[in-house]
Amino acid sequence: MISNRTLTAALALAIAATAAASDYYKVNVSRKDKDLYLDHNSGVYIVTEYCYVYAAWDDALLKWDGYSGKLHFDEVVNSTCDVKKLISK
């Protein structure tokens, strides 16, 4: 049987490995700390840089190229944050 932790790590690796051409992912995020958001769909933490959006279960779009990306918040006008890395739970 596959544990949740193993499945989450595999999902994070799959996102990072398959996103070489700047793929987009629908995420549902909450801010957990300064520059740290949790995607409730996958359990992956999204580390941002200078992001001041106070999200609570907000829909967003993650653009990820395997090394860095952007987090576009649907409900907040003109709110896009730089993404430094993804961390599995």
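So, here is what we can say about the structure in this document. From a predicted model like this one, the values you see are computed outputs, not experimental measurements.

Conventions and cut-offs
Residues numbered from 1 in each chain as written. Predicted model: local features only at pLDDT ≥ 70, side-chain atom pairs only at ≥ 80, totals over all residues. Heavy atoms only, no water. Phe/Tyr/Trp six-rings, centres within 6.5 Å; stacked < 30°, edge-to-face > 60°. Helix = DSSP H or I, 4+ residues; strand = E, 2+ residues; numbered from the N terminus. Buried < 20%, exposed > 50% of the residue type's maximum accessible area, 1.4 Å probe, protein only. Lys NZ or Arg CZ within 6 Å of the ring centre and 35° of its normal. Contact = heavy atoms within 4.5 Å. Salt bridge = Lys/Arg side-chain N within 4 Å of Asp/Glu carboxyl O. Pairing = 2+ DSSP bridges. Axes fitted to C-alpha atoms, helices over the stretch in contact; angles between N-to-C directions. Disulfide = S-S within 2.5 Å.

1. Regarding the packing of aromatic side chains
Scanning the model with the defined rule gives one aromatic pair in all. Considering the side-chain rings of Tyr37 and Phe73, the 5.7 Å spacing of their centres and the 55 degrees angle between planes classify their relative orientation as tilted. Of this pair, Tyr37 sits in strand S2 (residues 36-39) while Phe73 sits in strand S5 (residues 69-73); the two residues are 36 residues apart in sequence, bridging distant segments of the chain. Phe73 matches Tyr37 in its accessibility class, with the two residues each being buried. The ring of Tyr54 has Arg31 sitting right over it, with the charged end atom 4.3 Å from the ring centre.

2. A word on the side chain of Ser79
Within the secondary structure, Ser79 is located in the loop between S5 and strand S6 (80-87). Setting aside residues no more than four positions away along its own chain, Ser79 makes contact with Val53, Leu71, His72 and Phe73.

3. Here we look at the pattern of salt bridges
Evaluation of the coordinates by the stated rule reveals one salt bridge. As a salt-bridge pair, Asp82 and Lys70 come within 2.4 Å of each other at their nearest N and O atoms. Pair noted here: Asp82 is in strand S6 and Lys70 is in strand S5, with a separation of twelve residues, a long-range link.

4. Focus on the sheet that holds S6
An order of S1-S2-S3-S6-S5-S4 is seen for the six strands of this closed barrel, with the pairing classed as antiparallel. The average undirected angle you get between the axes of adjacent strands in this sheet is 45 degrees. Pairing geometry for S5 and S6, over four bridges, is antiparallel. By the bridge assignment for S6, Leu71 is matched with Cys81.

5. A closer look at the pairing of strand S3 (residues 45-49)
In terms of strand pairing, S2 meets S3 through three bridges, oriented antiparallel. If you follow Tyr37 over to S3, its bridge partner there is Ile46. Two successive antiparallel strands, S2 and S3, enclose a turn made up of five residues, where Gly43 displays a positive phi of approximately 80 degrees. Where S3 and S6 come together, five bridges link them in antiparallel fashion. When the sheet's bridge partners are listed, Ile46 is paired in S6 with Leu86.

6. Brief notes about the state of the cysteines
Under the counting rule described, the total for this entry stands at one disulfide. In this model Cys51 forms its disulfide with Cys81; the gap between the sulfur atoms is 2.0 Å. Handedness here is read from the sign of the S-S torsion; for Cys51 and Cys81, about 65 degrees, the answer is right-handed. Placement of the pair is Cys51 in the loop between S3 and strand S4 (58-64) and Cys81 in strand S6, with a sequence separation of 30 residues. Here Cys51 matches Cys81 in class, with each residue buried.

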